[in-house]
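Report on the structure
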Amino acid sequence: MTMIGWVQALVFFAIVLALTKPIGLYMAHVFEGERTWLSPVLRPVELVIYRLGGVREDDEMPWYGYALAMLAFSLVGFLYLYLLLRTQKWLPLNPQHLDNMPTDLAWNTALSFLTNTNWQFYSGESSMSYLSQMSGLAWHNFVSAAVGIATAVAVVRGIARTTVSTLGNFWVDLTRCCLYVLLPISIVVGLFFVAQGMPQNFHAYQTVTSVSGFSQAITGGPMASQEVIKELGTNGGGFVNANSAAPNENPTPLTNLVELILIFSLGAGLTYMYGRMVRDTRQGWAIFAAMAILFFAGFSVAYWAEAAGNPIVHHLGVAGANMEGKECRFGIAASSLFATVTTDTSCGAVNAMHDSFMPLGGLVPLANMQLGEIVFGGVGSGLYGMIAFVVLTVFIAGLMVGRTPEYLGKKIERREVQFALLAVLVTPVLCLVPTAIAVLLPAGLATLNNAGPHGFSEILYAFTSTNANNGSAFAGLGPNRFYDIMTGVNMFFGRFAVAVAVLALGGALAGKKAVMASAGTFTTNSPIFVALLIGVIVIVGALTFLPADALGPIVEHVLVLQGKTF
Amino acid sequence: MIKHLGVALRVTLVSVVIFGLAYPLAMTGLAQLLFPWQANGSLVVRNGNVVGSAIIGQLWTQPQYFHGRPSAAGKGYDPTQTGGTNLGPSSKKLIAATQATIAQVERENPDAHGAPPMDLVTSSASGIDPDISPEGAYYQAARVAKARHLTLAAVDALIAAHVQGRTLGFLGEPRVNVLELNLALDAPR
């Protein structure tokens, strides 16, 4: 580890911290339907969308109406992308004449983008037409991010409102998020990305003869416009297979920093928006603090493990940090930082190959996802996942002192705890059960790239990442029909089981009366609460996943120290 | 639900037009207007021929050129098949490949001092990494100098002139763009 490496992480985090309040304040204005400085330009577009879409702006929805609208939109979005991928050969903007995608891969990819996962069993540069990229994948990058944020906003309204039955209008939240939050940032930062060297064109790949006389195809496409929303919406699906490791998706250390900031910015801003909407910004900062501590814990371990390097390789006579699967322009610190940030959130973009990380370096992304991606998290999903943990923590704290627990003036009773537990328990069930099935079936073992404990880690990582809607991979694991279908199903339930559970939680809270805080009320904006919250998150995660992680990365770490290979 | 599906269909169509078509097309127009060289792939032209992209690494085999890192992209540096080896730290394949690469790099650079730097013997993440570390360049300097009948000092000086430092002094790592360095070697002095 070097001083400069730590400076990178600290400067990055300081920028995120500085952006949290302005972004959160802006989003609070947007979702409370107030005028913003962009309204003169965007309000007319917004009204056109409502008119053409048949949306009544002032229609409020109960939680199940909100959930049904979200599910209906997702169903249409899934069918649309599936059909697009299955017919791209006959559609325009396909200069490479790429074929239609096979059925099970199209199924997997459509579910992957629908759920904000962006798991990549496809290789963009050799299987996706430009039309599929921009109007299929990048469109999903916008709307799936907006679906996550809209859901979180609805849950927050449930906490903020008293004795009402509605949580807002899904279509309005979706539209306002896309137009007022995602689009303006994408335009500005997207142009910056082009200036830094990211391609933005519709050319066919240009075959050139290199200086040494080899033929090389220079790939192209509308990359910058897709790259920016890929990070901002914590989507993570690369235009090309190597994702943000590829120099055309991440040409410089500066684009790398900006990509990292994009990944964290909205999730961080949402914590402030949350505090603002529940009329106590310290509640938002308490959640931010818990997230920040978990972030630095993860980064420290990953950076340390990668900087130490591979002792088996050192034995061959070379020295240095683990550069296998990393890029020279980023080096160890920026790669470890990216791996931590991309799995703290549900982004899943990578600037280095996690499969080639040291065992404990690879454990950090795995554990980040297993804890439920609640460190800023997926846009929206991070906040609502964290709120489920907060409700659980309040409940446990209540049990410890023997009082009916309250959160922000609402009594937390059986129904709320049931929905919160459901949201929290989806992750372990969907992660561990399919992993167990996969290791028992030949099809589950057929496409492994590594043997021994690392092979097990590849499987565990695949199901952890897909159900957490992350999308990063121990990418050695190849696609086959078994994984196409299993991970597809996993992504679907990982997204919507949690989203519906938290909407139900929001609905239950919205209907409650506010009770006055008393001397016995447990404060939820204090350092003690932050510590307790982290404790609950880590205990739930560790109790559930430690046995599985012990069979993968942890045992591999011990064996690597002994020089054992597989 | 039927009512929701109708709205969903219409909102999907409208939003695809705005975010899936108008946005990328407008961005392409702006990019082509403001930053045409970058937007079109940062192509490098020599004697009227395009010889590659400034941001994409290429395959080098001759002794008179600096070599890039091992690549897992297709048959090497294929931008249509980007990716890494995805071999884990305890992989027999990884260790055997690394051992073979070390032997090869040492064989190609008999006059270099010490062991090769780590980046020269490990595969990059993208398979099209355009850079090597400054140490990786200096390690190859003696070989390049010999093949070109230059002094080692002259080659070292050329490397020094092409080392890109950390951005803003703290971002990323110092590096050398291999294509840029090799073109400078070929340029008439």
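The present account deals with the structure reproduced in this document. (Residues numbered from 1 in each chain as written. Chains lettered and ligands numbered in written order. Predicted model: local features only at pLDDT ≥ 70, side-chain atom pairs only at ≥ 80, totals over all residues. Heavy atoms only, no water.)

**Concerning the overall build of chain B**
As a reminder, the rule being used: A run of H or I in DSSP becomes a helix once it reaches four residues, and a run of E becomes a strand once it reaches two; helices and strands are each numbered from the N terminus. Contact criterion: two residues are considered in contact whenever any of their non-hydrogen atoms come within 4.5 Å of each other.
What chain B contains, in helices and strands, is seven helices and five strands. Its helices and strands taken in sequence order, chain B reads α-α-β-β-α-α-β-α-α-β-β-α from the N to the C terminus. In terms of principal-axis extent, the alpha carbons of chain B reach across some 75 × 45 × 35 Å. Excluding contacts between residues fewer than 6 apart, the proportion of contacts in chain B whose partners are at least 24 apart in sequence is 55%.

**A short note on the overall build of chain A**
Condition: For this measure, only C-alpha atoms enter the radius of gyration; the expected value for a globule follows 2.2 Å times N^0.38, where N is the number of residues. Think of it in three bands: with a 1.4 Å probe and only protein chains considered, a residue is buried below 20% of the maximum accessible area for its type, exposed above 50%, and partly exposed in between.
Looking only at helices and strands, chain A features 19 helices and six strands. Here the C-alpha radius of gyration of chain A, 23 Å, is about what a compact globule of 566 residues would show, namely 24 Å. Counting only C-alpha atoms and orienting by the principal axes, one finds that chain A spans roughly 75 × 55 × 45 Å. The 566 residues of chain A split such that 67% are buried. Counted over contacts in chain A with a minimum sequence separation of 6, partners at least 24 positions apart contribute 79%.

**Observations regarding the nonpolar core**
Note the threshold: Put simply, a nonpolar core is a bunch of buried Ala, Val, Leu, Ile, Met, Phe, Trp, Tyr and Cys residues held in one set by side-chain atoms that sit within 4.5 Å of each other.
Grouped together as the largest cluster of nonpolar side chains are 222 residues, with contacts concentrated most on Phe12, Phe73, Phe170, Trp171 and Leu182 of chain A. With 17 residues, helix α6 (residues 130-160) of chain A is the largest single contributor of residues to this core. Of all hydrophobic cores here, the second largest spans twelve residues; its members include Tyr205, Ala242 and Met353 of chain A together with Ala125 of chain B.

**Quick look at the interface of chain B and chain A**
Short version of the rule: Joining two parts hides part of their accessible area as seen by a 1.4 Å probe, and the buried area is that hidden amount summed over both. By salt bridge we mean one thing: a side-chain nitrogen of Lys or Arg within 4 Å of a carboxyl oxygen of Asp or Glu. Distance and chemistry together define a polar contact, namely a pair of N or O atoms within 3.5 Å, with one atom able to donate a hydrogen and the other to accept it when in protein, and with adjacent residues in sequence counting only for side-chain atoms on both sides. Charged residues are taken to be Asp, Glu, Lys and Arg, nonpolar residues to be Ala, Val, Leu, Ile, Met, Phe, Trp, Tyr, Cys and Pro, and polar residues to be all remaining types, Gly included.
Taken residue by residue, the interface counts 97 residues in chain B and 110 residues in chain A. Surface buried jointly by chain B and chain A totals about 8,300 Å² across both partners, of which 67% is contributed by carbon and sulfur atoms. We note a salt bridge from Arg329 of chain A to Asp129 of chain B, for which the minimum N-O separation is 4.0 Å. Where chain B packs against chain A, one counts 38 residue pairs in polar contact (both at pLDDT 80 or more). For the side of chain B that touches chain A, the secondary-structure elements that each account for two or more residues are α1 (2-34), α2 (36-39), β1 (43-46), β2 (49-53), α3 (92-108), α4 (118-121), β3 (131-132) and α7 (178-186) of chain B. Classifying every residue of the side of chain B that touches chain A gives 48 nonpolar, 37 polar and twelve charged.

**Concerning the side chain of Gln133 of chain A**
Residue and element names in this part refer to chain A. Tracing the backbone through its elements, the reader meets Gln133 in helix α6. Within polar-contact distance, the side chain of Gln133 engages the side chain of Gln226 at 3.0 Å. Not counting the four nearest positions on each side in its chain, Gln133 is found in contact with Gly124, Met128, Ala138, Gln226 and Phe239.

**Examining helix α9 (residues 253-277) of chain A**
Residues lying three or four places apart along an α-helix face the same way, a consequence of the helix completing one turn every 3.6 residues. Residues and elements named next belong to chain A. Keep this limit in mind: Here, expected helix span is obtained from the residue count minus one, scaled by 1.5 Å. At every residue, the bend is computed as the angle between two fitted axes, covering the seven residues ending there and the seven beginning there respectively.
Along its 25 residues, α9 runs 36 Å from first to last C-alpha, staying within 8% of the 36 Å computed at 1.5 Å per residue. Along its length, α9 shows its largest kink, about 35°, at Ser265. Counting buried residues in α9 gives 24 out of 25 residues, a clear majority hidden from the surface. With its phi angle positive at about 60°, Arg279 sits one or two positions after the end of α9.

**Some details on the environment of Asn310 of chain A**
Turning to its location among the elements, Asn310 of chain A is positioned in the loop between α10 (281-308) and α11 (311-314). Residues Asn310 of chain A and Ser39 of chain A, 271 residues apart in the sequence, show an inter-C-alpha distance of 54 Å. Beyond its immediate sequence surroundings of up to four residues, Asn310 of chain A is in contact with Met358 and Val560 of chain A together with Pro89, Leu94 and Ile95 of chain B.

**What to know about the sheet that holds β3 of chain B**
All names here are of chain B. Threshold: Being paired, for any two strands, means DSSP has found at least two bridges between them. Note on method: axes are straight lines fitted to C-alpha atoms, helices fitted across the in-contact stretch only, with angles between N-to-C directions ranging 0 to 180 degrees.
Sheet architecture is open: three strands sit in the order β3-β5-β4, paired in antiparallel fashion. With one partner strand each, in any of the chains shown, β3 and β4 (163-164) form the two edges of the open sheet. Bridge analysis of β3 against strand β5 (residues 175-177) gives two bridges, and the strand direction is antiparallel. Bridge pairing in β5 places Asp131 opposite Asn177. Of the strands in this sheet, β3 and β5 touch α7, which is tilted by about 60° from β5.

**Here's the deal with the state of the cysteines**
Our working definition: Two cysteine sulfur atoms form a disulfide, by the criterion used here, when they sit within 2.5 Å.
On inspection of all chains with the given rule, the structure shows zero disulfides over all chains. Its sulfur unpaired, Cys347 of chain A is 15 Å from the next cysteine sulfur, which belongs to Cys177 of chain A.

**Description of the pattern of salt bridges**
Residues and elements named next belong to chain B. Taken as a whole, this structure holds 22 salt bridges over all chains when the rule is applied. Across the pair Asp186 and Arg46 runs a salt bridge, and its minimum N-O distance is 2.9 Å. Here Asp186, found in helix α7, pairs with Arg46, found in strand β1; they are 140 residues apart in sequence, far enough to count as distant. For Asp186, a relative accessible area of 27% puts it in the partly exposed group.

**Focus: the packing of helix α17 (residues 452-467) of chain A against helix α19 (residues 527-561) of chain A**
Residue and element names in this part refer to chain A. For clarity, the threshold we go by: The sense of a crossing depends on the near helix, which, turned anticlockwise from the far helix by less than a right angle, makes the crossing left-handed and, turned clockwise, makes it right-handed.
Between α17 and α19, the least distance of the axes is 8 Å, while the angle of their chain directions is 145°. The chirality of how α17 crosses α19 is left-handed. Taking contact as the criterion, the partners of Pro453, His454, Phe456, Ser457 and Leu460 in α17 are, on α19, Ala548, Asp549, Leu551, Gly552, Pro553, Val555, Glu556 and Leu559. Looking at the contact of α17 with α19 residue by residue, the classes come out as eight nonpolar, three polar and two charged.

**A closer look at the packing of aromatic side chains**
All names here are of chain A. In plain terms, the rule: Within 6.5 Å between ring centres, the rings of Phe, Tyr and Trp (the latter by its six-membered ring) count as paired, and their orientation is classed by plane angle as stacked under 30 degrees, edge-to-face over 60, tilted in between.
Within this structure, the stated rule accounts for 38 aromatic pairs over all chains. Centre to centre, the rings of Tyr80 and Trp139 are 5.3 Å apart; their planes meet at 85°, and the pair counts as edge-to-face. On the criterion of sequence distance, the pair formed by Tyr80 in helix α3 (residues 63-87) and Trp139 in helix α6 is long-range, its members being 59 residues apart. Joined through ring pairs, the aromatic side chains of Phe12, Phe13, Phe264, Tyr272, Trp285, Phe288, Phe295, Phe296 and Phe376 make up one cluster.

**Some words on the packing of α3 of chain A against helix α4 (residues 103-114) of chain A**
Residue and element names in this part refer to chain A. Definition in use: Oblique is the label for any angle not covered by the other classes, which are roughly parallel (under 35 degrees), roughly antiparallel (over 145) and roughly perpendicular (65 to 115).
Contact geometry of α3 with α4 gives a least axis separation of 9 Å together with a crossing angle of 140°. Considering their axes alone, α3 and α4 lie oblique with respect to each other. For α3 against α4, the interelement crossing comes out right-handed. Of the residues in α4, those in contact with Ser74, Phe78, Leu81, Tyr82, Leu85 and Arg86 of α3 are Thr103, Ala106, Trp107, Thr109, Ala110, Leu111, Phe113 and Leu114. Here the contact of α3 with α4 is composed, by residue class, of ten nonpolar, three polar and one charged.

**Observations regarding empty space enclosed by the protein**
Residues and elements named next belong to chain A. Convention followed: Both cavities and pockets are sets of points on a 1 Å grid over the protein atoms alone; in a cavity a 1.4 Å probe fits but cannot get out, in a pocket the set is open with protein on both sides within 12 Å along at least five of seven lines, and lining residues sit with an atom within 4 Å of a point. Grid points are joined across faces, edges and corners, and a volume is the space filled by probe spheres set on the points.
What the rule picks out here adds up to six cavities of 30 Å³ or more. The space that makes up the largest cavity amounts to roughly 320 Å³. Counting only elements with at least two residues in the lining of the largest cavity, the list comes to α14 (381-401), α15 (414-440), α18 (481-510) and α19. For the lining of the largest cavity, the element with the most residues is α14, which contributes six residues. Across the lining of the largest cavity, the residue classes break down as twelve nonpolar, 13 polar and two charged.

As far as function goes, none of this settles anything; it's purely spatial.
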